[in-house]
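Survey of secondary and tertiary structure
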Amino acid sequence: MAIASFIIHTTRQDLAGVKASLSQRRDATILPWESPPCLVAVIERPSKELERVEREFKATPGVLSVATAYLNIEDELGGEGAK
Amino acid sequence: MTRPGPAFWRRASQTGVALAMAGVPFANLFGLHGVSGNFLAMDVFGLPLGDPLAAVQVLASAGDITGRVALGAGLALALALVLGPVFCSYACPYGLLSELVHARSRRSGHLMGRLADTAVSAGFRVRAGAVLAGLILLAVFGLPPLLNLLSMPAYYSRLWQHVALGGVLWPVGGAVLMLAAEWRLGKRLWCGFACPQSVLLHLMARLNPWRLRLVHAPERCACAKGQSRCVAACSLGLDPRRPETLPLACNNCGDCRTACLRPGQALRFRLGRPDAQNAVLPGPEAGGLDKRPE
Amino acid sequence: MGCTRREFIKYSAAMAALTFLGYGCGRKEAEATPDTWVKGVCRFCGTGCGVMVGVRNGKVAMVKGDPNNHNKGMLCLKGALLASVINSPDRLTTPLIRKGGTLVKATWEEALDLTATRFKQTLEQFGPKAVAYYGSGQALTEESYLANKIFKAGLKSNNVDGNPRLCMASAVGGYVSTFGKDEPMGSYEDMDSANCFFIIGSNTSECHPILFRRLAARKQSDPSVKIIVVDPRLTNTARIADLHLPVVPGTDLALMNAMAHVIFNEELDDSKFHGKYVSFKAMVDGKPVEKSLEDYRTFLADYTPEKAAAICSVPAESIVQAAKLFANSSATMSLWCMGLNQRIQGVWANNLVHNLHLITGKICKPGSTSFSLTGQPNACGGVRDTGSLAHLLPGGRLIANQEHRNQMEEIWGLPKDSLNPAPGLFTTAMFAALGDTVRAMLVLCTNPAQSLPNVKKYTANLKKSTKFLAIIEAFADAETLKYADVVFPAAFWCEREGVYGSGERRYCLIEKAVASPGEARPSVNILLDLATRMGVDPKLIPFKNSADIWEEWREISAKSAYNFKGMTRERLRKTSGLLWPCPTEDHPGTKIRYSRGDDPMVPADHPDKYFFYGNPNGRANVWLRPHKPAAELPDAEYPFILTTGRVIDQWHTGTMTNKVPEIRKAFPAAFVEVNQEDAKRLGIANGDNVRLDTRRGSLVLSARVGEVCRPGLVFAPFYDAQKLVNELTVDAVDEASKQPEFKICAVRVSKA
Amino acid sequence: MIYEQMLRPPGARGEREFLKRCIQCGQCGQICPYGSIVFEAGFNPETFGTPRIAPRRVPCYLCMRCPPVCPTEALLPVTAMARADMGIARIDKSRCYTYEGSIFCKTCHEKCPLRNQAIVMEKGLFPVITEACVGCGVCENVCPRKAILTIPKARLAAARDRWDGGGA
């Protein structure tokens, strides 16, 4: 599993709505932020799926943009990383 | 100068508790930690005491409970089991405030008089229903002990905690509004119709047939027709002469008994079953529990 | 464990995102762009970091490191936050005079007249012995030189001493007795080439953070660098050490003699070096006597590692290992500070460090040097070099030496044999005599009512009505103000111009950057005004400002081994400091002394590479100094040892650092550090109040329990004016240097 | 904002479990000698009256007096500092003086109650917060640059709790 964090920009009006809809996700921890209006999402998913997760974020109504802030795939490498 | 009567001692107890609970947070600030906490849970020199409902809520929601809380709640329940809900009449600071407000409002000539039996049982049903619903919700959804938000005595003691430690306590505003409403209507609304904390105490008291109870000896009733000092004395608007509804609301405060002392001593406290033969009470000379004062 | 590894990664992920958003900080603080940058030196410790003072609208707006100075633009937190100190609302802005027990505002005329009159009366009535000057290693060089001249040449009083007596007098004694001349021979640059650091009695990481950073960076860049730390506390310095020797306080003489023993035993000594450049000496019946190498080895035979291990309470193997690391490295640098100096064997301990370098030949070479760290920004340049102590004259001359007196009489244009031949009173003696034989005292730029050892004894004298105390001070909340009769408000730091001389013989000019608040004046002008009113011969003080004084002092230095004639004001203005000797205006300054080719004082055609010209025979002295314990040892009644010191962000008595809100918040009150085992035994938990009792006083401090202090030792910092730790310390002094033993006293520790 | 999820006193259970058990008796705040514990005031009935710590005001000094007084064990009765388990502090390296490179500051390290465990000076040069950090907030409180943030344990450990973020 990889761990990544995203910054999800939205508008002040949509902040609560976006937070509500993102909070439905079982794989994400959502931290709302007021100024600038955005949310931080920490995601724990296999790295292959992260692209799709990002698309899902973008598709959420009220979301303006999504940026990746952090990515850790150490645990996925397992033995591979050493080879 | 007469010796202080039972009413004085009850007021003294209520006031003493209220003052003590106000002083505790400040004593704590000065490093005296013998007593700490509020009416929801406190620790008195190592002895835990607490609101049984708070304990039951934790049990319902979290599924377990610590021995300390169980002991604290148990002690409170045991007291209610034997003496009835005397916490409400001898300790609860909201009860004190409510009684004082009620006394003022009565003199102002507001609505008064006896509550119908139906109103008394409805009040109890509301309180018990709220508690039951609350507990079920808590258990099902694992909610925090939300019924604590309805504890008036807790707000009183929390107020002083907040004054000492800093912070705001907006629900105090709610309590003030409630007192204002009680003053306006001349009815002790919260204690009679809302307080969830007293439900367990009343239930506990009912469980024990040998509890302390008020018994009425009609043959001694000396009031003229249409006059009933005992009913007038009861701030909760109960009729002490009708034992059917008493256990749902009566706090064993003894105001009615005090009112009845001079005319006829028809009301007495008694520890034991309300058996038929007890309808005729033994007089004090026969060794009844109730010693005749003065 | 605080959290699982995956949680930890998640926190990091969240933090990375939050960082982009500038969490919680609200706005970034408005970047105040100063109008001009003025070069200066940090006001705090003896490291002497170069600073650039950013001035905006006539106020100090910010302070940053000077990239051209030895600190390469780096500052510690104290230095970086100096703006809050200089802009503090607690500055003194008018003179104050004590009337009816309280200090009230006065005019300059009143204050100067009163002080001059009282001094003149005292001189007439009791003679020059009854007046005194107590200076500071924080005063400018010009101020110290001027005060020294006013008192010694003008008033003929040798009662000129200063707080360096509390701070590095033993280091002076060590350098002078071993090399004949004061001041280290190396420079900070040696840190970059040393392969082994021997740090003894110095918590460099907290007291000299910028030097520690340089040292830590050196270790990081080269893993072969070894660090040995001798300190009874597991300080942050000790934590990066390869070898930490937590010796019992006051046993370092035995330790260093044992190291010398091992060095000879393992044949790690440099016989070529010590055969040629060293003479062995011992004190016999109070007189120095020549000894031979054999005598030295016989003397050392008594200090086997096993015996020293028993005294110091560290494993014998560690002592052997320390000696081997010291002697086997390609370049070894020793660093020490108050741990050796503030001791009744301070001079001896200093000698023994020098011994280790001299017998292994690890001296006067790049990276090989015995380097004394100093605590105040201008103790070296201002007080040591100008001879502003009770037994000294400028340029390393001694009052007791007639030849030296005559030299100074000639230089100062005084009649022959007119200087007072009797050395004056050193610090503790001076304060002990206050109100009795000393009747009028002038204190400049220091806070003795907090910094003296066993301070209650001396504040009792400060309270006497028979004394007159005038102080020149910048801050209204200094403890000593409570006892002053007259207070002169002083211009602070970069509010006037002057020279600071740091621990590595580096002289830097602090340029005037801003005006002083209110009526505050530069101390130089206050001293000149006072001297004139006291009737000091105007020919002796023909100065208008500090630049005039510098010119005279620079010329005078040419007649000593402290030659810095080449450091003109203009040159100092252009550079970020120069290291003396620097005899000519084109000389770049000296990084290594006593070495031919490096030190201009060694003739280019000198037959030997090294020349210890301070001593008549041109050799350095290795002293045979036996182990002696501290003045007050723990006993059944007072079973613990108390040691005092500093914390990273607070400096000395805190009159400056406590003006910085960030520092006040982080280090509000003094505490006492207790070993966890002792704490357990005494039932003390972290944060509990702990009572410290010594024979002199008692104090309640909150406990910081941990593994820092060795068992049997407690530590307390002295910055807190509300908790005067110096009420507990002992005022026994080193016989030679007269420096008090702040570092060791017996104490009883109990839960309050 | 970020404090929406509260930093709980030492020994606190996961946020959801904590809230189930906390009966708002206030004893933790009354025993605290530093005034570190304040009671949540907002209009959220779930958290109203529960204890929290605002590190920028007064941090927790880990005296560990409060966990044993909690009657319901909402705060587990731990007494070892290392087990306080409140959260974790993070240094914003882009703001930290020392990482920035011109000022050598280690105030956080000096004041850390778990000095040299929770915050270590890597190579003697840089403060690094390790997994031993319990989130007491002292470093956040003393940081002269406000470059440290304490993230409450509840924030991430209870990510899937229905109560997470409930105070929005």
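Residues numbered from 1 in each chain as written. Chains lettered and ligands numbered in written order. Predicted model: local features only at pLDDT ≥ 70, side-chain atom pairs only at ≥ 80, totals over all residues. Heavy atoms only, no water.

Within chain C, the regular secondary structure consists of 26 helices and 30 strands. The C-alpha radius of gyration of chain C comes to 25 Å, within 12% of the 27 Å expected for a compact globule of 752 residues. Dimensions of chain C along its principal axes, counting C-alpha atoms only, are 70 × 65 × 55 Å. Buried residues in chain C amount to 66% of all 752 residues. Taking as baseline every contact in chain C between residues at least 6 positions apart, the subset at least 24 positions apart corresponds to 71%. Of the charged side chains in chain C, 91 are positive and 79 negative; the average position of the first set lies 2 Å away from that of the second. (Helix = DSSP H or I, 4+ residues; strand = E, 2+ residues; numbered from the N terminus. Rg over C-alpha atoms; globule rule 2.2 N^0.38 Å. Buried < 20%, exposed > 50% of the residue type's maximum accessible area, 1.4 Å probe, protein only. Contact = heavy atoms within 4.5 Å. Lys, Arg positive; Asp, Glu negative; His and termini not counted. Charge placed at Lys NZ, Arg CZ, Asp CG, Glu CD.)

Take the domain arrangement of chain B next. Residues and elements named next belong to chain B. One can read the domain layout of chain B as domain 1 (6-206) and domain 2 (212-286). For domain 1 and domain 2, the distance between their C-alpha centroids amounts to 26 Å. Interface area lost by domain 1 to domain 2 is led by Arg 114, Asp 117 and Val 120, which between them contribute 24%. Counting the contacts that link domain 1 with domain 2 gives one salt bridge. (Domains from an automatic or database assignment. Buried area = accessible area lost by both parts, 1.4 Å probe. Salt bridge = Lys/Arg side-chain N within 4 Å of Asp/Glu carboxyl O.)

Bringing the pairing of strand β13 (residues 287-291) of chain C into the picture now. Residue and element names in this part refer to chain C. As paired elements, strand β12 (residues 278-284) and β13 share five bridges and run antiparallel to each other. Within β13, the residue paired with Ala 282 across the bridge is Val 289. Between β12 and β13, which pair antiparallel one after the other, the connecting turn spans two residues, and Asp 285 there sits at a positive phi close to 50°. (Pairing = 2+ DSSP bridges.)

All names here are of chain C. Between the first and last C-alpha of helix α5 (residues 141-154) there are 18 Å, a value that for 14 residues agrees with the 20 Å anticipated at 1.5 Å per step. Taken across its 14 residues, α5 has 13 buried, putting it largely inside the fold. Lys 156 sits one or two positions beyond α5 and adopts a positive phi of about 60°. (Expected span 1.5 Å × (residues − 1).)

Another point: the sheet that holds strand β1 (residues 35-38) of chain B. As a general point, the strands of a sheet are linked pairwise by backbone hydrogen bonds and lie either parallel or antiparallel. Residues and elements named next belong to chain B. The sheet built from three strands is open, its strands ordered β1-β2-β3 with antiparallel pairing. Two strands lie at the open edges of the sheet, namely β1 and β3 (47-50), each paired on one side alone. Sheet twist, expressed as the average angle between the axes of neighbouring strands with direction ignored, equals 20°. With four bridges joining them, strand β2 (residues 41-44) and β3 adopt antiparallel strand pairing. Bridging across to β3, Asp 43 finds its partner in Pro 48. Against the sheet, helix α3 (residues 67-83) touches β2 and β3, its axis set at about 65° to β3. (Axes fitted to C-alpha atoms, helices over the stretch in contact; angles between N-to-C directions.)

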